[in-house]
Amino acid sequence: MRPISDIAPIIVALWLLTVSDLAQSKKLLIITPAPSYSHQIVFRALNLALLKRGHEIVALTPNVLNDPTLANYTEIDFGFEYEKIDDTDFSQTRWNLTQLGGLKTRLLRLGHDIAEDVLSHPDLVKYYANGTDTRFDAVIAEMIMTPAIYMLAHRFKAPLIGIMSMDLQNCHRFNLGSPVMPSHPSNWEVENLAGLHLPFWKRMVNFVNAWWRIYTWFSSFANQQQKIAEKYFGKDIPHIVDVAKNMSLVLIDQEPLLAYARPEIPNIVHFSGLHISKIPPPLSKDLKDFLDGATNGFVYMSLGSNVKSKLLPKGMLQVFVSAFASLPYRVLWKFEDSNFNVPSNVFISKWIPQQSVLAHPNIKCFIYQGGLQSTEEAVHYAVPLIGIPFVFDQVYQVLKMVSLDVAKQLDITKLTTSELRKTVLEVAGDKRYKDKMLELSALTKDKPYDSLENVIWWIEYVMRHNGAPHLRFNGADSAWYQQFDLDIIICLSIALFLALCVFLVVLVQGSRLLYKYHDRIPRFAITKKVKLT
């Protein structure tokens, strides 16, 4: 028998292994295929945090790290998907409604293409192909336009966690049982048609548009995605609508304070600011010298990664150039053409370290397109905003910031040099915008928990319990008309209508009888009088 002194180290080692993260480590499949850098930087931060917790990660992403020092982190390179959107021009959509409609249709088709590319990717197929025994403890899938990938969770018999780098679409909310509110400001899909206290006809338009989009998503888009899923997983699989309905958790990258308050179901968890660096990276020497030399301050303009300044109409470009040249500030402009002629007080660059710029003490205001991640960064660094929205949730986000008194909105289709100059001078020069932004920034940081730690806790909670069906809203299983009590409303309406009809019939018949009775009395009296005479 071995002495206690010999086995003591073994016991200690086993105890340490038991209480360490390694003993609790899980294996996650994370599929985030949308080719948009601003979305991917949020997902990357979450992936790396899960990896740091000791979990093994297999991630399909169009923005790979290619870091060989990361153990237990396997990346499936989906970067080729950017080639499919290189010619997508968001900059003209505000002038051309036909182009906007075409863009939305194209993005739906792109969703089918991306789903096909994901499920046929050889580096992913090797995990789910017939005969393989790979297991995952959870599947995290991006929800924006590829629901066919949800079937991976069914294939691995793992809990499904949905994730969005923006607020949910109405089709998802309806499927999960979350309230659909067509005219509420939180409904970003109706863009600038939403709002409180709208007149009846505008609410009717929003109602029709919202429910038509939900109907077409279920009747057309989801069915096409189902065919794609059946192509790779066989015919004997559940419908993706039912798989989506049984999500254990839905993670939404949306700071509640920067959104319009609305009721949520229990399995929705909000997070925010995951991509914001604790220490912004250093600026290049030429850019640092330009910003440090802005003794009167500088204005920063960027339309994000999807809207390109260089593709704006020539007349609109001249509006910006003329307005910037007349400002008493320096201007930093994210511009994709380094040969574009600009005034001496303007610095242009194809790529700009945005957080480092927003953290600079000389910044006065930020002109942007209303992107969610840019909004979060501006609030974090307390920089007043001028919003020029183009598409999708950008309108919603800018309107919200305006309602918080930290921003002004401009319409790109009607913008003039004088209006732009006046707005910049107002936002940059009026201390009230900065003070309000400082208050808002402090509010968003005042939380009882760290946002990243909270979202990781919920992911691990789902894996510990192999799902979270108790958080699911049971009303999602009801028929659509039962969810909104439409059958009861119709039944009561019919009953009230019939009761009203019966009442009216009785009233009419009673009136007739009463009229006949009163009509006979004077004639009877006259007859008797004649006979007496």
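About the criteria used
- Residues numbered from 1 in each chain as written.
- Predicted model: local features only at pLDDT ≥ 70, side-chain atom pairs only at ≥ 80, totals over all residues.
- Heavy atoms only, no water.
- UniProt positions renumbered as here; feature names shortened; annotations may be inferred.
- Helix = DSSP H or I, 4+ residues; strand = E, 2+ residues; numbered from the N terminus.
- Phe/Tyr/Trp six-rings, centres within 6.5 Å; stacked < 30°, edge-to-face > 60°.
- Buried < 20%, exposed > 50% of the residue type's maximum accessible area, 1.4 Å probe, protein only.
- Lys NZ or Arg CZ within 6 Å of the ring centre and 35° of its normal.
- Contact = heavy atoms within 4.5 Å.
- Pairing = 2+ DSSP bridges.
- Axes fitted to C-alpha atoms, helices over the stretch in contact; angles between N-to-C directions.
- Polar contact = N/O pair within 3.5 Å; in protein donor to acceptor, adjacent residues only side chain to side chain.
- Salt bridge = Lys/Arg side-chain N within 4 Å of Asp/Glu carboxyl O.
- Parallel < 35°, antiparallel > 145°, perpendicular 65-115°, else oblique.
- Left-handed = near helix turned anticlockwise from the far one by under 90°.
- Nonpolar A, V, L, I, M, F, W, Y, C, P; charged D, E, K, R; others polar.
- Arc of directions from axis to C-beta.

Going by the annotation in an unreviewed UniProt entry, the name recorded for the chain is Ecdysteroid UDP-glucosyltransferase, with Harpegnathos saltator given as the source organism. Turning to the chain, the UniProt annotation filed under Sequence similarities (unreviewed entry) states: "Belongs to the UDP-glycosyltransferase family."

## What about the UniProt feature "transmembrane region" (unreviewed entry) in the chain?
Per the UniProt record, "transmembrane region" (unreviewed entry) is found at residues 486-508. For the annotated span residues 486-508, helix accounts for 100% and strand for 0% of the residues, and the straight-line distance between the end C-alpha atoms is 32 Å.

## Thoughts on the packing of aromatic side chains
Applying the stated criterion across every chain, the model contains 24 aromatic pairs. Ring centres of Phe207 and Trp211 lie 6.3 Å apart, and the angle between their planes is 55°; this geometry places the pair in the tilted category. Residue Phe207 and its partner Trp211 are both found in helix H7 (residues 200-233); the two are separated by four residues, about one turn of the helix. Exposure remark for Trp211: the relative accessible area of 23% places this residue in the partly exposed category. Judged by centre distance (5.0 Å) and plane angle (90°), the rings of Trp457 and Trp458 are edge-to-face. On the basis of relative accessibility, which here comes to 40%, the residue Trp457 falls in the partly exposed class. Here the aromatic residues Phe174, Phe207, Trp211, Trp217, Phe218 and Phe221 are joined through ring pairs into a cluster of three or more. The ring of Tyr260 carries Lys400 above its face, with NZ or CZ at 4.8 Å from the centroid.

## Some details on the environment of Leu65
By secondary structure assignment, the location of Leu65 is in the loop between strand S2 (56-61) and strand S3 (73-77). On the basis of relative accessible area, Leu65 is assigned to the partly exposed category, the value being 29%. Separated by ten residues in sequence, Leu65 and Glu75 have C-alpha atoms that sit 8.0 Å apart. Setting aside residues up to four positions removed in sequence, Leu65 forms contacts with Arg44, Leu48, Leu70, Tyr73 and Glu75.

## Observations regarding the sheet that holds strand S10 (residues 346-349)
Taken together, the six strands give an open sheet; going across it, the order is S10-S9-S8-S11-S12-S13, and neighbouring strands pair in parallel fashion. Looking at strand neighbours, the two that pair on one side only are S10 and strand S13 (407-409), the edges of this open sheet. Pairwise comparison of adjacent strand axes, ignoring direction, gives a mean angle of 15° for this sheet. Of the pairings in the sheet, the one linking strand S8 (residues 298-302) to strand S9 (residues 330-334) comprises four bridges and is parallel in character. Residue Tyr300 lies in a different strand from S9, and its bridge partner there is Leu332. The sheet contacts of helix H9 (residues 285-292) involve S8, S9 and S10, and relative to S9 the element is tilted by about 145°.

## Some points on the side chain of Asn187
Among the secondary structure elements, Asn187 is positioned in the loop between helix H6 (170-176) and H7. Among the polar contacts made by the side chain of Asn187, one reaches the main-chain carbonyl oxygen of Pro182 at a distance of 2.8 Å.

## Examining the pattern of salt bridges
With the rule as written, the count across this model stands at 13 salt bridges. With its nearest N and O atoms 3.0 Å apart, the salt bridge here joins Asp167 to Arg173. A salt bridge links Arg432 to Asp430, with the nearest nitrogen and oxygen atoms 2.7 Å apart. Connected through shared salt-bridge partners, Asp167, Arg173 and Glu264 make up one network.

## Some details on the packing of helix H2 (residues 37-52) against helix H16 (residues 451-464)
For the pair H2 and H16, interaxial distance at closest approach is 11 Å and the crossing angle is 65°. Accordingly, the angle class assigned to the pair H2 and H16 is roughly perpendicular. Two packed elements cross with a definite hand, and for H2 against H16 that hand is right-handed. The residues of H16 that touch H2, namely those facing Leu46, Ala49 and Leu50, are Leu452, Val455, Ile456 and Ile459. Tallied by class, the residues present in the contact of H2 with H16 amount to seven nonpolar, no polar and no charged.

## Section: H9
Listing the buried residues of H9 in full gives Leu287, Phe290 and Leu291. On an axial view of H9, the arc spanned by its buried residues comes to 90°, and they lie on one face. Contacts from the buried residues of H9 go to S8, S9, S10 and helix H11 (354-358).

## Some thoughts on the packing of helix H12 (residues 372-380) against helix H13 (residues 393-403)
For the pair H12 and H13, the least separation of the axes is 10 Å and the interaxial angle reads 25°. Of the possible angle classes, the one that applies to H12 and H13 is roughly parallel. Taking contact as the criterion, the partners of Leu372, Thr375 and Val379 in H12 are, on H13, Asp393, Gln397 and Met401. Of the residues that constitute the contact of H12 with H13, the class distribution is three nonpolar, two polar and one charged.

## Quick word on the sheet that holds S3
Pairing within the open sheet is parallel, and its seven strands lie in the order S3-S2-S1-S4-S5-S6-S7. Both edges of this open sheet fall to S3 and strand S7 (268-271), since each of them pairs with a single strand only. Across the sheet, the mean angle separating the axes of adjacent strands is 20° when strand polarity is ignored. Pairing of S2 with S3, which is carried by five bridges, proceeds in the parallel orientation. Paired with Thr61 across the two strands is Asp77, which belongs to S3. Against the sheet, H2 touches strand S1 (27-31), S2, S3, strand S4 (138-142), strand S5 (160-164), strand S6 (249-253) and S7, its axis set at about 165° to S2.

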